[in-house]
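# Survey of secondary and tertiary structure
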Amino acid sequence: MTSKTIQNPSRRDFLKTVGVASTVTAAACSVDPISWDPLVPQELAYPYVIQPEAVVPGVASRYSTRCNQCSNSCGVVAKVREGRVINLEGNDHDPFNMGKLCGVGQSALLENYSPDRIKKPQKAGVDTKITDVVKEVAALIKGGAKPVWIGRNRSGASAAIVDQFVSAYGGSRIFWEPLGSESQRYAVDQAFGGNYNTIPTYNMENAETIISFGAEYLGDWGHNVKNHMGWADSRDSERKNGAVVPRSADNVSQTISVGPRIGLTETSSDIHLFCNPGTEALVAFALAKKLAEKISYKSNAAASAMLSSIDAEANMKEANVNVDAFNKAVARLAATKTKFVALPGGVVASMNESTVAIGALLLNEVGGSFDGAHPTVQLGKEDVSSMGTAKEIFDVLSKADSKTVLFVDNTDLVFQLGKTLDVAGSLAKFGAVVHFLNESNDSVAKTSNCYVIPKGTSLETWGDAEVFIGNHILQQPAMRSLADFDIISAEDVLLGIAQTNGTLAITPTPVLEEGEEQGAKEKEAATEEETEVIPLPVASP
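Below or above, wherever it landed, is the structure these notes cover.

### Overview of the overall build of the protein chain
Helix and strand content of the protein chain: 18 helices and 18 strands. Sorting the 541 residues of the protein chain into buried and exposed places 43% on the buried side. Considering only contacts within the protein chain whose residues lie at least 6 apart along the sequence, 67% involve residues at least 24 apart. For the protein chain, the accessible surface area stands at approximately 28,400 Å², while carbon and sulfur atoms represent 54% of it.

Written out as structure tokens, the structure is:
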């Protein structure tokens, strides 16, 4: 019996094979690819009955706004197709991120379309109406409860609304982040003697040498996008404000890392100074002492007095640093005097972050990092007077009672502070706890005093920021909220509470041109009209 082999198929056999394969493929693909996944939201796509004027099917629109995934508030451009944001990229006109956007900023898209987002305001875990939440919270405040605000760092008009609201009812507010810059503010005050309410701004693009004491500047430390670009520019032969720096063995930008572990930044360093955990500050002080001796530093009397009390050899021995590598680092810093920058690590890098920050400041002072036309370290560019501390939060939680209404802005207190204090137990004692967030977290409870308000993402709401003094950035919605979502911003909730209680908490002052101010006053005196009461804003359909 003979049979046809696959090497010599007939036309009939080929068509039979193709037909069977097509049938099997169609059967395999007939199952709805998303119907089996309960986490994937299903939406029906319908054509426009009345097409919006700004929407052209197939043609993308772009909206300039800001990223609010962290407190750096980088400028972004949102690409929108048929009313939905499909891509984010940095805004080329932003003077600080200059068209770049980090991975955290890109995650705004994931947050915006997350299947875990809360769709409706909730009370004790049950959906409710925003108007009911506003009335109940307003009644507590009108009855004498004091508002207390705890949340991420805010600036600009957004922070002003919070400040004016809590002040109107005798409350308080704490802007705080678990990985914030309190240690650097403390270091500036201790090193220079005063209350300056600022932190160092690091210009790595001007540096020939970068030394880090646990600062993950290639990760998410500080102004991460600015740091990434500064590091890249410092390694570029065409840095220094566009002037080409000749490459030679003695003129190559280098990075030095100090710490007990190897992270993302350390793997890209030219020199790594290993030290025992928690001894980064000792290494910083020892480097400052040895550098001062090498360059005969005598510029600042206070710094010289501090240097005289440092025993560099004892510090090196306790830190267990390699002497040869340490001396190479000192020689490199001396060779690039006024052109290096020392970066202090945060709480994730050391057990004594404030002392590390003081040591880094001393090293920058000895090396002249604050000097020259293009300094690597500057003070006074950032106002951190509103920055709170963890101790202030502990004080609020320890005094929790029914006569306080706590507003929590996108902060998970139980997760961040739970092992230090019984945060969940403290939250249950407040008259009301109002959480502004988009996804549930460990601090959200099903108690009768717990409210959750979906505040919307930065792609759906208005906002603003002033991270660097004099640099204002606006946030505009690039799209309407998704179907069935009832979002409302925290600022609108505060305005709604104030209006419900008949309190004009926010008093905006219009900016008038010269000559218009007197006319406005005369018109106001003539009309004597009452202030218009704006109804509580509602979410977009």
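### A short note on the side chain of Ser 257
Within the secondary structure layout, Ser 257 lies in strand β10 (residues 254–259). Among the polar contacts listed, one links the side chain of Ser 257 to the side chain of Ser 269, at a separation of 3.4 Å. Polar side-chain contacts of Ser 257 include one of 2.7 Å to the side chain of His 272. With residues near it in sequence (within four places) discarded, Ser 257 still touches Ser 212, Glu 266, Ser 269, Ile 271, His 272 and Leu 273.

### Quick notes on the sheet that holds strand β12 (residues 340–344)
What the four strands build is an open sheet, ordered β11-β10-β9-β12; its pairing is parallel. The open sheet has two edge strands, β11 (271–274) and β12, and neither has a second partner. Neighbouring strand axes in the sheet, compared pairwise and without regard to direction, differ in orientation by 15° on average.

### A few points about the sheet that holds strand β3 (residues 84–90)
In space, the three strands of this open sheet follow the order β1-β2-β3, with antiparallel pairing throughout. Taken across any chain shown, the strands that pair with only one partner, and hence form the sheet edges, are β1 (61–66) and β3. Between one strand and the next, the sheet's axes are offset by a mean angle of 30°, whatever the strand orientation. Across six bridges, β1 lies against strand β2 (residues 75–81) in antiparallel orientation. Its bridge partner being in β2, Tyr 63 is matched across the sheet by Ala 78.

### Let's talk about empty space enclosed by the protein
Throughout the structure, instances matching the rule amount to three cavities of 30 Å³ or more. Looking at the largest cavity, its volume works out to about 140 Å³. As for the largest cavity, its lining consists of 16 residues, of which Asn 72, Ser 73, Cys 74, Phe 96 and Phe 468 are closest to the centre. Among the elements that make up the lining of the largest cavity, the one with the highest residue count is helix α7 (residues 224–234) (three residues). Residue classes in the lining of the largest cavity are distributed as seven nonpolar, six polar and three charged.

### Topic: the environment of Asn 87
Here Asn 87 shows up in strand β3. Considering only alpha carbons, one finds Asn 87 and Leu 109, 22 residues apart in sequence, at a separation of 7.4 Å. Those residues in contact with Asn 87 that lie beyond four places of it in its chain are Val 77, Ala 78, Lys 79 and Leu 109.

### Here we look at the state of the cysteines
Applying the stated criterion to the full structure yields zero disulfides. The cysteine Cys 74 is free of any disulfide, with Cys 70 supplying the nearest cysteine sulfur at 6.2 Å. The exposure class of Cys 74 is buried, given its relative accessible area of 13%. Free cysteine: Cys 102, not disulfide-bonded; nearest cysteine sulfur from Cys 70 at 6.0 Å. Cys 102 sits in the buried class, given a relative accessible area of 13%.

### Description of helix α9 (residues 280–295)
Think of an α-helix as 3.6 residues a turn; residues three or four steps apart then line up on the same face. Relative to the 22 Å expected for 16 residues at 1.5 Å per residue, α9 spans 23 Å between its end C-alpha atoms, a close match to the ideal helical length. Residues of α9 that are buried include every one of Glu 280, Ala 281, Val 283, Ala 284, Phe 285, Ala 286, Leu 287, Ala 288, Lys 289, Leu 291 and Ala 292, and no others. Of the residues flanking the end of α9, it is Ser 296, one or two places downstream, whose phi is positive at about 55°.

### Details of the pattern of salt bridges
Oppositely charged side chains can pair when the atoms bearing their charge come close. Inspection of the entire model under this criterion finds 10 salt bridges. One salt bridge connects Arg 117 with Glu 460, and the closest N-O pair in it is separated by 3.0 Å. In this pair, Arg 117 sits in the loop between α3 (108–112) and β4 (122–123) while Glu 460 sits in the loop between β16 (450–454) and β17 (463–465), placing the two residues 343 residues apart along the sequence. Considered together, Arg 117 and Glu 460 belong to a single accessibility category, that of buried residues. Across the pair Lys 290 and Glu 313 runs a salt bridge whose closest N-O atoms are separated by 2.5 Å. Here Lys 290, found in helix α9, pairs with Glu 313, found in helix α11 (residues 312–319); they are 23 residues apart in sequence, far enough to count as distant. Exposure remark for Lys 290: the relative accessible area of 22% places this residue in the partly exposed category.

### Quick notes on helix α13 (residues 353–367)
Along its 15 residues, α13 runs 21 Å from first to last C-alpha, staying within 8% of the 21 Å computed at 1.5 Å per residue. Buried residues dominate α13, accounting for 11 of its 15 residues. Listed in full, the buried residues belonging to α13 are Val 356, Ala 357, Ile 358, Gly 359, Ala 360, Leu 361, Leu 362, Leu 363, Asn 364, Val 366 and Gly 367.

### What to know about the packing of aromatic side chains
For any pair of aromatic rings, the description rests on two quantities: the centre-to-centre distance and the angle between the ring planes. Applying the stated rule across the entire model yields nine aromatic pairs. Each ring, one from Phe 165 and one from Tyr 169, has its centre 5.2 Å from the other, and the planes form 65°; the classification is edge-to-face. Considered together, Phe 165 and Tyr 169 belong to a single accessibility category, that of buried residues. Among the aromatic residues, those joined into a cluster by ring pairs are Trp 149, Phe 165, Tyr 169, Phe 407 and Phe 436. A cation over a ring is seen here: Arg 173 above Phe 175, with NZ or CZ 4.4 Å from the ring centre.

Rules used in this analysis
- Residues numbered from 1 in each chain as written.
- Predicted model: local features only at pLDDT ≥ 70, side-chain atom pairs only at ≥ 80, totals over all residues.
- Heavy atoms only, no water.
- Helix = DSSP H or I, 4+ residues; strand = E, 2+ residues; numbered from the N terminus.
- Buried < 20%, exposed > 50% of the residue type's maximum accessible area, 1.4 Å probe, protein only.
- Contact = heavy atoms within 4.5 Å.
- Areas by Shrake-Rupley, 256 points an atom, 1.4 Å probe, with all protein chains shown as cover.
- Polar contact = N/O pair within 3.5 Å; in protein donor to acceptor, adjacent residues only side chain to side chain.
- Pairing = 2+ DSSP bridges.
- Axes fitted to C-alpha atoms, helices over the stretch in contact; angles between N-to-C directions.
- 1 Å grid on protein atoms, 1.4 Å probe; cavity = no way out; pocket = protein on both sides within 12 Å on 5 of 7 lines; lining within 4 Å.
- Points joined across faces, edges and corners; volume = space filled by probe spheres on them.
- Nonpolar A, V, L, I, M, F, W, Y, C, P; charged D, E, K, R; others polar.
- Disulfide = S-S within 2.5 Å.
- Expected span 1.5 Å × (residues − 1).
- Salt bridge = Lys/Arg side-chain N within 4 Å of Asp/Glu carboxyl O.
- Phe/Tyr/Trp six-rings, centres within 6.5 Å; stacked < 30°, edge-to-face > 60°.
- Lys NZ or Arg CZ within 6 Å of the ring centre and 35° of its normal.

Structural measurements only, silent on function.
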